[in-house]
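Architecture at a glance
Chain by chain, the residues run as shown.
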Amino acid sequence: MKSCQNVQESGVSVQQPIAILDSGVGGLTVVKEVMRQLPREKIMYFGDTARTPYGPRPAEEVTRFTRQIVEYLIQYRPKMIVIACNTATAVALEDIRSRVAIPVVGVIHPGARAANGRTQTGMVGVIGTEGTVRSGAYEQALKQLSPSTQVYSLACPRFVPLVERGNFRSKETFDVVESSLQPLKERAIDTLILGCTHYPFLSETIASVMGKDVALISSADETAREISTILHDRNRLTREGELPVHQFFCSGDPRMFRMIAQEWLGEQIELTPVVWQVPKIV
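Residues numbered from 1 in each chain as written. Predicted model: local features only at pLDDT ≥ 70, side-chain atom pairs only at ≥ 80, totals over all residues. Heavy atoms only, no water.

Some thoughts on helix 6 (residues 137-145)
Here is the rule we go by: Exposure categories follow from relative accessible area, calculated using a 1.4 Å probe and restricted to protein chains: below 20% of the type maximum is buried, above 50% is exposed, and the middle band is partly exposed. Runs of H or I in DSSP of at least four residues are treated as helices and runs of E of at least two as strands, each being numbered from the N terminus. To obtain the arc, one takes the directions from the helix axis to the C-beta atoms. Working rule for contacts: check all heavy atoms of both residues, and any pair within 4.5 Å makes them a contact.
Every buried residue belonging to helix 6 is among Ala 137, Tyr 138, Ala 141 and Leu 142, and all of these are buried. In an axial view of helix 6, the angular spread of the buried residues amounts to 125 degrees, which keeps them on one side of the axis. Helix 6 presents Gln 140 and Gln 144 as exposed residues on the side facing more than 90 degrees away from its buried surface. Contact partners of the buried residues in helix 6: helix 3 (86-97), helix 4 (108-118), strand 7 (123-128), helix 5 (130-135), strand 8 (150-155) and strand 9 (191-194).

Shown next, in the form of C-alpha coordinates:
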(Lines give C-alpha, C1' and ligand atoms only; values in the text may rest on other atoms or scores of the structure.)
Protein backbone atom coordinates (compact mmCIF):
# COMPACT_ATOMS: atom_id res chain seq x y z
CA MET A 1 0.00 0.00 0.00
CA LYS A 2 1.13 3.52 -0.65
CA SER A 3 -0.39 6.88 0.20
CA CYS A 4 -0.08 9.86 -2.07
CA GLN A 5 0.58 13.11 -0.25
CA ASN A 6 -0.40 15.29 -3.24
CA VAL A 7 -3.28 17.65 -2.65
CA GLN A 8 -3.44 19.10 -6.16
CA GLU A 9 -5.59 17.52 -8.87
CA SER A 10 -5.76 19.33 -12.24
CA GLY A 11 -4.65 22.49 -10.49
CA VAL A 12 -7.47 22.26 -7.90
CA SER A 13 -6.66 21.83 -4.22
CA VAL A 14 -8.33 18.72 -2.76
CA GLN A 15 -8.75 18.39 1.00
CA GLN A 16 -7.27 15.14 2.28
CA PRO A 17 -9.53 13.35 4.77
CA ILE A 18 -8.95 11.70 8.09
CA ALA A 19 -9.93 8.06 7.44
CA ILE A 20 -11.63 6.36 10.40
CA LEU A 21 -12.57 2.68 10.32
CA ASP A 22 -14.43 0.33 12.63
CA SER A 23 -16.11 -3.06 12.65
CA GLY A 24 -19.49 -1.31 12.61
CA VAL A 25 -21.08 1.81 14.09
CA GLY A 26 -18.89 1.99 17.20
CA GLY A 27 -16.27 4.23 15.62
CA LEU A 28 -18.92 6.93 15.26
CA THR A 29 -18.12 7.78 18.89
CA VAL A 30 -14.65 8.80 17.71
CA VAL A 31 -16.08 10.58 14.65
CA LYS A 32 -18.31 12.71 16.88
CA GLU A 33 -15.34 13.88 18.96
CA VAL A 34 -13.18 14.58 15.90
CA MET A 35 -16.00 16.62 14.36
CA ARG A 36 -16.41 18.55 17.60
CA GLN A 37 -12.71 19.22 18.17
CA LEU A 38 -11.66 19.62 14.52
CA PRO A 39 -14.74 20.93 12.67
CA ARG A 40 -12.85 21.83 9.48
CA GLU A 41 -11.40 18.36 8.95
CA LYS A 42 -12.96 16.11 6.32
CA ILE A 43 -13.95 12.72 7.75
CA MET A 44 -14.08 9.51 5.76
CA TYR A 45 -15.65 6.73 7.83
CA PHE A 46 -15.88 3.02 7.05
CA GLY A 47 -18.10 0.77 9.18
CA ASP A 48 -17.75 -2.93 8.34
CA THR A 49 -21.33 -3.64 9.37
CA ALA A 50 -21.61 -6.71 7.12
CA ARG A 51 -18.91 -8.54 9.12
CA THR A 52 -19.44 -7.17 12.62
CA PRO A 53 -18.65 -8.13 15.35
CA TYR A 54 -14.88 -8.54 15.16
CA GLY A 55 -14.47 -9.57 18.79
CA PRO A 56 -15.11 -13.33 18.45
CA ARG A 57 -13.05 -13.66 15.25
CA PRO A 58 -9.48 -14.99 15.08
CA ALA A 59 -6.76 -12.32 15.08
CA GLU A 60 -5.63 -13.33 11.58
CA GLU A 61 -9.13 -12.73 10.21
CA VAL A 62 -9.47 -9.34 11.91
CA THR A 63 -6.08 -8.33 10.50
CA ARG A 64 -7.15 -9.40 7.01
CA PHE A 65 -10.40 -7.43 7.22
CA THR A 66 -8.53 -4.36 8.48
CA ARG A 67 -6.04 -4.59 5.61
CA GLN A 68 -8.90 -4.80 3.09
CA ILE A 69 -10.57 -1.68 4.48
CA VAL A 70 -7.31 0.27 4.56
CA GLU A 71 -6.53 -0.77 0.98
CA TYR A 72 -9.93 0.57 -0.03
CA LEU A 73 -9.61 3.85 1.87
CA ILE A 74 -6.04 4.59 0.80
CA GLN A 75 -7.22 5.31 -2.76
CA TYR A 76 -8.83 8.49 -1.39
CA ARG A 77 -5.42 9.77 -0.23
CA PRO A 78 -6.14 10.24 3.49
CA LYS A 79 -3.61 12.11 5.59
CA MET A 80 -4.18 9.82 8.56
CA ILE A 81 -5.83 6.49 9.37
CA VAL A 82 -7.63 5.97 12.67
CA ILE A 83 -8.42 2.39 13.67
CA ALA A 84 -11.45 3.18 15.85
CA CYS A 85 -11.97 -0.46 16.77
CA ASN A 86 -10.34 -1.81 19.90
CA THR A 87 -10.14 -5.37 18.58
CA ALA A 88 -8.50 -4.26 15.33
CA THR A 89 -6.21 -1.88 17.24
CA ALA A 90 -5.09 -4.73 19.49
CA VAL A 91 -4.22 -7.16 16.69
CA ALA A 92 -3.63 -5.11 13.52
CA LEU A 93 -2.27 -1.66 14.45
CA GLU A 94 1.42 -2.43 13.93
CA ASP A 95 0.68 -4.40 10.76
CA ILE A 96 -1.13 -1.43 9.20
CA ARG A 97 1.58 0.99 10.33
CA SER A 98 4.13 -1.10 8.48
CA ARG A 99 2.09 -0.91 5.26
CA VAL A 100 1.29 2.79 4.88
CA ALA A 101 3.33 5.98 4.77
CA ILE A 102 0.93 8.10 6.83
CA PRO A 103 0.22 8.19 10.58
CA VAL A 104 -1.97 5.39 11.94
CA VAL A 105 -3.68 5.92 15.29
CA GLY A 106 -5.42 3.34 17.47
CA VAL A 107 -7.77 3.78 20.42
CA ILE A 108 -6.19 1.66 23.16
CA HIS A 109 -3.30 3.84 24.34
CA PRO A 110 -5.40 7.04 24.39
CA GLY A 111 -8.02 5.26 26.50
CA ALA A 112 -5.40 3.87 28.87
CA ARG A 113 -3.87 7.33 29.33
CA ALA A 114 -7.27 8.82 30.16
CA ALA A 115 -7.99 6.08 32.71
CA ASN A 116 -4.56 6.39 34.30
CA GLY A 117 -5.13 10.11 34.76
CA ARG A 118 -8.58 9.57 36.28
CA THR A 119 -8.20 6.69 38.74
CA GLN A 120 -7.60 7.59 42.38
CA THR A 121 -7.21 4.05 43.72
CA GLY A 122 -5.31 2.36 40.88
CA MET A 123 -8.16 -0.15 40.53
CA VAL A 124 -9.26 -0.06 36.88
CA GLY A 125 -11.82 -2.20 35.09
CA VAL A 126 -11.80 -2.84 31.36
CA ILE A 127 -14.76 -4.12 29.35
CA GLY A 128 -14.34 -5.08 25.72
CA THR A 129 -14.86 -7.72 23.09
CA GLU A 130 -13.47 -11.21 23.49
CA GLY A 131 -10.64 -10.37 21.11
CA THR A 132 -9.63 -7.19 22.92
CA VAL A 133 -9.70 -8.81 26.35
CA ARG A 134 -7.84 -11.88 25.07
CA SER A 135 -5.06 -9.68 23.68
CA GLY A 136 -4.32 -8.10 27.06
CA ALA A 137 -3.61 -4.83 25.23
CA TYR A 138 -5.26 -2.55 27.79
CA GLU A 139 -3.59 -4.23 30.73
CA GLN A 140 -0.22 -3.89 29.03
CA ALA A 141 -0.83 -0.21 28.20
CA LEU A 142 -2.01 0.58 31.74
CA LYS A 143 0.94 -1.24 33.33
CA GLN A 144 3.35 0.71 31.14
CA LEU A 145 1.89 3.93 32.50
CA SER A 146 1.70 2.75 36.12
CA PRO A 147 3.05 -0.72 37.05
CA SER A 148 1.07 -0.76 40.30
CA THR A 149 -2.32 -0.46 38.57
CA GLN A 150 -4.68 -3.35 39.25
CA VAL A 151 -6.57 -4.21 36.06
CA TYR A 152 -9.75 -6.27 35.94
CA SER A 153 -10.82 -7.18 32.40
CA LEU A 154 -14.18 -8.56 31.33
CA ALA A 155 -15.45 -9.56 27.89
CA CYS A 156 -19.00 -8.38 27.13
CA PRO A 157 -19.84 -10.06 23.79
CA ARG A 158 -23.58 -9.31 24.05
CA PHE A 159 -23.11 -5.53 23.90
CA VAL A 160 -22.10 -5.01 20.26
CA PRO A 161 -25.16 -6.78 18.75
CA LEU A 162 -27.41 -4.51 20.85
CA VAL A 163 -25.71 -1.40 19.50
CA GLU A 164 -25.70 -2.59 15.90
CA ARG A 165 -29.48 -3.02 16.16
CA GLY A 166 -29.88 0.47 17.59
CA ASN A 167 -31.13 -1.00 20.87
CA PHE A 168 -29.59 1.44 23.38
CA ARG A 169 -32.09 1.96 26.21
CA SER A 170 -34.62 -0.89 26.38
CA LYS A 171 -35.32 -3.19 29.34
CA GLU A 172 -33.54 -5.94 27.39
CA THR A 173 -30.47 -3.71 27.20
CA PHE A 174 -30.53 -2.99 30.93
CA ASP A 175 -30.89 -6.67 31.78
CA VAL A 176 -28.01 -7.66 29.47
CA VAL A 177 -25.75 -4.94 30.85
CA GLU A 178 -26.61 -5.70 34.46
CA SER A 179 -25.97 -9.43 34.16
CA SER A 180 -22.81 -8.94 32.09
CA LEU A 181 -21.21 -6.46 34.50
CA GLN A 182 -21.99 -8.34 37.72
CA PRO A 183 -18.40 -9.73 38.05
CA LEU A 184 -16.99 -6.19 37.93
CA LYS A 185 -19.45 -4.89 40.51
CA GLU A 186 -17.80 -7.26 42.97
CA ARG A 187 -14.45 -5.48 42.41
CA ALA A 188 -13.54 -2.22 44.11
CA ILE A 189 -12.79 -0.37 40.87
CA ASP A 190 -13.16 3.39 40.65
CA THR A 191 -12.61 3.66 36.89
CA LEU A 192 -14.04 1.62 34.03
CA ILE A 193 -12.65 1.75 30.50
CA LEU A 194 -15.26 1.25 27.79
CA GLY A 195 -12.80 -0.81 25.76
CA CYS A 196 -14.94 -1.02 22.65
CA THR A 197 -16.04 2.02 20.70
CA HIS A 198 -19.56 0.58 20.53
CA TYR A 199 -19.96 0.76 24.31
CA PRO A 200 -20.43 4.55 24.72
CA PHE A 201 -23.80 4.07 23.01
CA LEU A 202 -24.73 2.17 26.20
CA SER A 203 -23.01 4.54 28.62
CA GLU A 204 -26.20 5.67 30.36
CA THR A 205 -27.14 2.10 31.18
CA ILE A 206 -23.58 1.12 32.11
CA ALA A 207 -23.34 4.12 34.45
CA SER A 208 -26.66 3.21 36.05
CA VAL A 209 -25.49 -0.36 36.68
CA MET A 210 -22.00 0.51 37.95
CA GLY A 211 -23.05 3.44 40.14
CA LYS A 212 -21.90 7.03 40.58
CA ASP A 213 -18.59 6.13 42.22
CA VAL A 214 -17.22 4.51 39.06
CA ALA A 215 -15.92 6.88 36.35
CA LEU A 216 -16.50 5.71 32.78
CA ILE A 217 -13.68 6.26 30.30
CA SER A 218 -14.32 6.43 26.57
CA SER A 219 -11.23 6.63 24.38
CA ALA A 220 -12.99 8.88 21.85
CA ASP A 221 -12.08 12.24 23.42
CA GLU A 222 -8.44 11.32 24.04
CA THR A 223 -8.11 9.80 20.56
CA ALA A 224 -9.39 13.02 18.98
CA ARG A 225 -6.81 14.96 20.99
CA GLU A 226 -4.06 12.66 19.75
CA ILE A 227 -5.22 13.12 16.14
CA SER A 228 -5.12 16.88 16.61
CA THR A 229 -1.64 16.78 18.15
CA ILE A 230 -0.16 14.61 15.39
CA LEU A 231 -1.63 16.71 12.60
CA HIS A 232 -0.51 19.92 14.30
CA ASP A 233 3.03 18.61 14.71
CA ARG A 234 3.11 17.70 11.01
CA ASN A 235 1.53 21.01 9.98
CA ARG A 236 -1.37 19.10 8.42
CA LEU A 237 -4.34 20.63 10.26
CA THR A 238 -6.98 22.26 8.07
CA ARG A 239 -7.23 25.84 9.29
CA GLU A 240 -9.35 27.61 6.70
CA GLY A 241 -11.59 27.14 3.67
CA GLU A 242 -15.10 25.83 3.18
CA LEU A 243 -16.68 23.29 5.52
CA PRO A 244 -15.83 19.73 4.48
CA VAL A 245 -18.07 17.16 2.82
CA HIS A 246 -17.86 14.02 4.93
CA GLN A 247 -18.11 10.50 3.46
CA PHE A 248 -19.61 7.55 5.27
CA PHE A 249 -19.24 3.99 4.00
CA CYS A 250 -20.82 0.83 5.37
CA SER A 251 -20.53 -2.71 4.07
CA GLY A 252 -23.92 -3.91 5.35
CA ASP A 253 -27.47 -2.57 5.72
CA PRO A 254 -27.22 1.15 4.86
CA ARG A 255 -30.60 2.02 6.37
CA MET A 256 -29.77 0.90 9.92
CA PHE A 257 -26.27 2.37 9.67
CA ARG A 258 -27.57 5.75 8.54
CA MET A 259 -30.29 5.82 11.19
CA ILE A 260 -27.80 5.15 13.99
CA ALA A 261 -25.25 7.61 12.57
CA GLN A 262 -27.81 10.40 12.27
CA GLU A 263 -29.12 9.80 15.80
CA TRP A 264 -25.65 9.67 17.37
CA LEU A 265 -24.00 12.51 15.45
CA GLY A 266 -27.08 14.73 15.53
CA GLU A 267 -26.31 18.37 14.87
CA GLN A 268 -22.72 17.54 13.96
CA ILE A 269 -23.81 16.25 10.55
CA GLU A 270 -26.60 18.79 10.19
CA LEU A 271 -23.92 21.46 9.99
CA THR A 272 -21.94 19.88 7.14
CA PRO A 273 -22.82 17.91 3.99
CA VAL A 274 -22.57 14.12 4.14
CA VAL A 275 -22.29 11.53 1.38
CA TRP A 276 -23.50 7.99 2.21
CA GLN A 277 -22.08 5.06 0.22
CA VAL A 278 -22.09 1.25 0.23
CA PRO A 279 -18.75 0.04 -1.17
CA LYS A 280 -17.56 -3.35 -2.32
CA ILE A 281 -14.24 -4.23 -0.71
CA VAL A 282 -13.95 -7.99 -1.27
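Regarding the nonpolar core
Put simply, the rule reads: By nonpolar core we mean a set of buried residues, namely Ala, Val, Leu, Ile, Met, Phe, Trp, Tyr and Cys, connected to one another through side-chain atoms within 4.5 Å. Domain segmentation is taken from an automatic or database assignment of domains.
Core analysis: the largest hydrophobic core is formed by 53 residues, its most contacted members being Ile 127, Phe 159, Leu 181 and Ile 206. Element by element, the count of residues in this core is highest for helix 1 (residues 28-37), at 5 residues. Here this core gathers at least three residues from each of two domains, domain 1 (2-106 + 222-273) and domain 2 (109-219). Filtering out sequence-adjacent residues up to four positions away, Ile 206 remains in contact with Ile 127, Phe 159, Val 177, Leu 181, Leu 192, Leu 194, Tyr 199 and Leu 216. Ala 19, Tyr 72, Leu 73 and Val 104 belong to the second-largest nonpolar core, a separate cluster that totals 22 residues.

Description of the sheet that holds strand 4 (residues 43-47)
Condition: Strands pair, by our definition, only if DSSP identifies at least two bridges between them. Under this scheme, a helix contributes an axis fitted over its contacting stretch, all axes are lines through C-alpha atoms, and angles between N-to-C directions fall in the 0 to 180 degree range.
Strand order in this open sheet of 6 strands is 6-5-3-4-11-12, and the pairing throughout is parallel. The open sheet terminates on both sides in strands that have one partner only, identified here as strand 6 (104-105) and strand 12 (274-277). With respect to the sheet, helix 10 (residues 219-233) is in contact with strand 3 (18-22), strand 5 (80-83) and strand 6, its orientation differing from that of strand 5 by roughly 165 degrees.

A short note on the UniProt feature "active site" (unreviewed entry) in the protein chain
The following threshold applies: UniProt positions are given in the numbering used here, feature names are shortened, and annotations may be inferred rather than shown by experiment.
Cross-referencing UniProt, the feature "active site" (unreviewed entry) maps to Cys 85 and Cys 196 in the present numbering. What stands out for the annotated residues spanning 112 residues is how close their C-alpha atoms remain, the widest pair being 6.6 Å apart. Secondary-structure assignment places Cys 85 in the loop between strand 5 and helix 3. Classification of Cys 85 by relative accessible area gives buried; the value is 4%. Not counting chain neighbours up to four residues away, the residues in contact with Cys 85 comprise Leu 21, Asp 22, Ser 23, Tyr 54, Val 107 and Thr 197. On the accessibility criterion, Cys 196 (6% relative accessible area) is buried. Leaving out residues up to four positions away in the same chain, Cys 196 has contacts with Asn 86, Ile 127, Gly 128, Thr 129 and Val 160.

What to know about the sheet that holds strand 8
Pairing within the open sheet is parallel, and its 4 strands lie in the order 8-7-9-10. Sheet topology places strand 8 and strand 10 (215-217) at the edges, where each strand pairs with a single neighbour. Ignoring which end each strand starts from, the neighbouring axes of this sheet average 25 degrees apart. Across the face of the sheet, helix 6 comes into contact with strand 7, strand 8 and strand 9 while running at roughly 150 degrees to strand 7. Running at roughly 160 degrees to strand 8, helix 8 (residues 171-185) makes contact with strand 7, strand 8 and strand 9 of the sheet.

Considering the UniProt feature "binding site: substrate" (unreviewed entry) in the protein chain
Quick note on the threshold: The definition of a polar contact used here is a pair of N or O atoms within 3.5 Å, where within protein one atom must be able to donate a hydrogen and the other to accept one, and adjacent residues in sequence count solely through side-chain atom pairs.
The sites that carry the UniProt feature "binding site: substrate" (unreviewed entry) are, in the present numbering, Asp 22, Ser 23, Tyr 54, Gly 55, Asn 86, Thr 87, Thr 197 and His 198. With the annotated positions falling across 177 residues, the maximum pairwise C-alpha distance of 12.0 Å places them together in a single cluster. Mapped onto the elements, Asp 22 comes out in strand 3. At 3.1 Å, the side chain of Asp 22 and the backbone nitrogen of Gly 26 are in polar contact. In this structure, Tyr 54 sits in the loop between strand 4 and helix 2 (59-73). Only 2.6 Å separates the side chain of Tyr 54 from the side chain of Asp 48, close enough to count as a polar contact.

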